[in-house]
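Chain by chain, the residues run as shown.
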Amino acid sequence: MIAMMACGMSYAQQAIFQGRGVTSPEINADKTVTFRVRAPKAITVQVTGDCIEGRTADMTEKDGVWEYTTPAPVAPEMYTYNFIIDGQRTLDMNNVAVNRDVASLTNILLVTDPGARSDLYAVHDVPHGTVSRIWYHSDSEGINRRMTVYTPAGYETSGKKYPVLYLLHGIGGDENAWSELGRAAQILDNLIAQGKAEPMLVVMTNGNISQEACPGETSEGFRIPTMMLPKTMEGSFETAFPDVIKFIESTYRVKKDKAYRAIAGLSMGGFHTLFISVNNPDMFDYIGLFSAAVDKQQKDAEGHPEIYANRSAKIDNLFGKNPKLFWIGIGKTDFLFKSNSDLRAYLDSKSYKYTYLETEGGHIWRNWRIYLSEFTPLLFK
């Protein structure tokens, strides 16, 4: 038994200390970035990521350590990357910063400069809010479900009531997506500390109405995350959304009026945002569509098709209620660009007022972090 324990401890220590002495990634003084991985038996090693020109670059080996340095400085931003060792994609085991996006795992690299937008994604010495994982009962669906709630710094002791932003994720995501991939807590902490955003609650729901919570943290056990889930865009989530508002307004100190409620979402979450708001025109004064999948409802599916019927008339009714902000953001190469352009064309034909931001790139978290950092300073003014 002692021998077995000793072997186990030895194996654990080997796993912990493998690669010790290798620094990766390293942000150099000139803002170039060096990646390293110890792989003495490898034949080919590459680094692949959105900070690499051409997406993938060959690494060179010396004494069993493979290395690559970007030929030019890397612009301030949050990036993701992996290694490819002899054709097998793998994580950088020397970098503990890892994100899960649906079923993909990638390492994270954050390059910042004072004043750069990416500085909002970093943790600074400012008052910090609290991020909680909260369970509630959905009366509409008859199950217990989880959400993530950000409360601003001082909430616990202030005695004040706060406005609320309901922030929705895309298909394949869950209630952890905005806090982990979107850096929502860091963005809110920093904007509030700078006086650019009002202190607010941010409620990040699970938009997959058939799920209790994110994979691995439910009574179903450790299931592989997938985008192929039932009841995502057939009206059930929109129909059940009042359960979320009812729970938040009975649990937290919040202001219970449309002037103090905002809703925004990316991709599928933008789709949900549009149809929740047009079907409930007295619910939100602030509405944000981030790369919204506005025309992607599940056809011929059971659910609540009435949610999607008469969209134009419902949009007319919503704007008849004079929302304070209707905000649209989309990347120039996003596959949803045309459907968003068509929506804007309808709004323009009616002379409805909205705010529009067009960015570089496509359907990516880099854009959605930008949209959140632009949208939140406009709320509750």
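Preceding block: the structure.
Keep in mind it's a predicted model, so treat the numbers as computed, not measured.

Enquirer: Quick one: what's the story with the overall build of the protein chain, residue by residue and with numbers?
Expert: Per the secondary structure count, the protein chain includes 9 helices and 18 strands. In summary, the protein chain has a C-alpha radius of gyration of 23 Å against a globular reference of 21 Å for 381 residues, a match within 12%. For the protein chain, the C-alpha atoms occupy an extent of roughly 70 × 55 × 50 Å along the three principal directions. The buried share among the 381 residues of the protein chain stands at 50%. Here the analysis covers contacts within the protein chain between residues at least 6 apart in sequence; of these, 73% occur between residues at least 24 apart. About 18,000 Å² of surface is accessible on the protein chain, with carbon and sulfur atoms providing 53% of the total.

Enquirer: With reference to specific residues and values, describe the packing of aromatic side chains.
Expert: Going through the model one piece at a time under the given rule, you end up with 22 aromatic pairs. Between Trp178 and Trp365, the aromatic rings sit 5.1 Å apart at their centres with planes inclined by 85°, giving edge-to-face as the arrangement. In this pair, Trp178 sits in helix α3 (residues 177–180) while Trp365 sits in helix α9 (residues 365–375), placing the two residues 187 residues apart along the sequence. Both residues of the pair, Trp178 and Trp365, count as buried. Taken together, the ring pairs in this structure connect Trp178, Phe290, Trp327, Trp365, Trp368, Tyr371 and Phe375 into an aromatic cluster. Seen from the ring of Tyr356, Arg344 lies directly overhead, with NZ or CZ sitting 3.6 Å from the centre.

What counts, and at which threshold
Residues numbered from 1 in each chain as written. Predicted model: local features only at pLDDT ≥ 70, side-chain atom pairs only at ≥ 80, totals over all residues. Heavy atoms only, no water. Helix = DSSP H or I, 4+ residues; strand = E, 2+ residues; numbered from the N terminus. Rg over C-alpha atoms; globule rule 2.2 N^0.38 Å. Buried < 20%, exposed > 50% of the residue type's maximum accessible area, 1.4 Å probe, protein only. Contact = heavy atoms within 4.5 Å. Areas by Shrake-Rupley, 256 points an atom, 1.4 Å probe, with all protein chains shown as cover. Phe/Tyr/Trp six-rings, centres within 6.5 Å; stacked < 30°, edge-to-face > 60°. Lys NZ or Arg CZ within 6 Å of the ring centre and 35° of its normal.

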